[in-house]
Amino acid sequence: MNFFNRTGYTMLDDDWRLIEGNKRIPGRYIASSLFHRLLPRWHYCMKNDVPKPPLHMIVGRSDESFCQHLSLDLNQFALFRKEAIPRLKFSSQFDTWLKTGRPIDI
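A quick note: this is a predicted structure, and the numbers were derived from the prediction, not measured.

Student: What am I meant to see in the pattern of salt bridges here?
Tutor: Side-chain pairs of opposite charge can arise whenever the charged atoms involved come near each other. Using the criterion set out here, one finds four salt bridges in the structure. Among the ionic pairs, Asp63 bridges to Arg41, the shortest N-O distance being 2.6 Å. A residue pair is termed long-range when its members are at least 10 positions apart, and Asp63 in helix H5 (residues 63-69) and Arg41 in helix H3 (residues 34-47) qualify at 22 residues. Bridged by salt links that share partners, the residues Asp13, Asp15 and Arg17 form one connected network.

Student: Help me understand the environment of Lys82 in this model?
Tutor: If you trace the backbone, Lys82 turns up in helix H6 (residues 74-100). Its relative accessible area of 68% is what places Lys82 among the exposed residues. When the C-alpha atoms of Lys82 and His36 are compared, they prove to be 9.1 Å apart, with 46 residues separating the residues in sequence.

Student: How should a nonpolar patch on the surface be read in this particular structure?
Tutor: A cluster of nonpolar residues, Met1, Trp16 and Ile30, forms a patch on the protein surface that exposes about 300 Å² of accessible area. For Ile30, the location among the structural elements is in helix H2 (residues 27-30).

Student: Would you explain the nonpolar core in this entry?
Tutor: Soluble globular proteins tend to pack their nonpolar side chains together in the buried interior. Formed by 23 residues in total, the largest nonpolar core has its most connected members in Phe4, Tyr9, Leu55, Phe66, Leu70 and Leu72. Going through the elements one at a time, helix H1 (2-6), H3, helix H4 (55-60), H5 and H6 are the ones with two or more residues in this core. Non-local contacts of Tyr9, meaning those with residues more than four positions away in its chain, are made with Phe4, Lys23, Ile25, Trp42, Lys52, Pro53, Pro54, Leu55 and Ile58.

Student: Just checking my understanding: could you explain the packing of aromatic side chains for this structure?
Tutor: Any pair of aromatic rings gets described here by the distance separating the centres and the angle formed by the planes. Going through the model one piece at a time under the given rule, you end up with four aromatic pairs. The ring of Phe66 carries Arg41 above its face, with NZ or CZ at 4.7 Å from the centroid. Sitting over the face of the ring of Tyr9, Lys52 holds its NZ or CZ atom 4.4 Å from the ring centroid.

Student: Where do I start with the side chain of Thr10 in this structure?
Tutor: Mapped onto the elements of the fold, Thr10 is located in the loop between H1 and H2. Given the relative accessible area of 1%, Thr10 is considered buried. Looking at Thr10, its side chain comes within polar contact range of the main-chain oxygen of Lys23, at 2.6 Å.

Student: Please explain the state of the cysteines as it appears in this structure.
Tutor: Chemically, a disulfide is nothing more than a covalent bond linking the sulfur atoms of two cysteines. On inspection of all chains with the given rule, the structure shows zero disulfides. Looking at Cys45, it has no disulfide partner, and the nearest cysteine sulfur is the one in Cys67, 8.5 Å off. The class of Cys45 is buried, set by a relative accessible area of 0%. For Cys67, a relative accessible area of 1% translates into the label buried.

What counts and how
Residues numbered from 1 in each chain as written. Predicted model: local features only at pLDDT ≥ 70, side-chain atom pairs only at ≥ 80, totals over all residues. Heavy atoms only, no water. Salt bridge = Lys/Arg side-chain N within 4 Å of Asp/Glu carboxyl O. Helix = DSSP H or I, 4+ residues; strand = E, 2+ residues; numbered from the N terminus. Buried < 20%, exposed > 50% of the residue type's maximum accessible area, 1.4 Å probe, protein only. Patch = residues over 30% accessible without salt bridge, like charges linked within 9 Å, V, L, I, M, F, W, Y side chains within 5 Å. Areas by Shrake-Rupley, 256 points an atom, 1.4 Å probe, with all protein chains shown as cover. Core = buried A, V, L, I, M, F, W, Y, C linked by side-chain atoms within 4.5 Å. Contact = heavy atoms within 4.5 Å. Phe/Tyr/Trp six-rings, centres within 6.5 Å; stacked < 30°, edge-to-face > 60°. Lys NZ or Arg CZ within 6 Å of the ring centre and 35° of its normal. Polar contact = N/O pair within 3.5 Å; in protein donor to acceptor, adjacent residues only side chain to side chain. Disulfide = S-S within 2.5 Å.

See below:
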């Protein structure tokens, strides 16, 4: 839920309750892979100055459909994704380690 809150797809208060008037995130969207789908797509869009895509594009489309709809090069995205996944995963785990001391899974 942190991803959806930080990217503005929904707004939660400090106690992680939905702020009135904001959209609920469907369970099937929450179940989408953070490191293999959501973060690589989000970061690729931000890197290429693509306006914030609709949530259903980031969560539900195949890579081919995602790139085609946003006029992105599929091969460049695939290369970015392959390189980004380990970095994004480590960054997230590092933040958790700083807060909790939980070991980093490499």
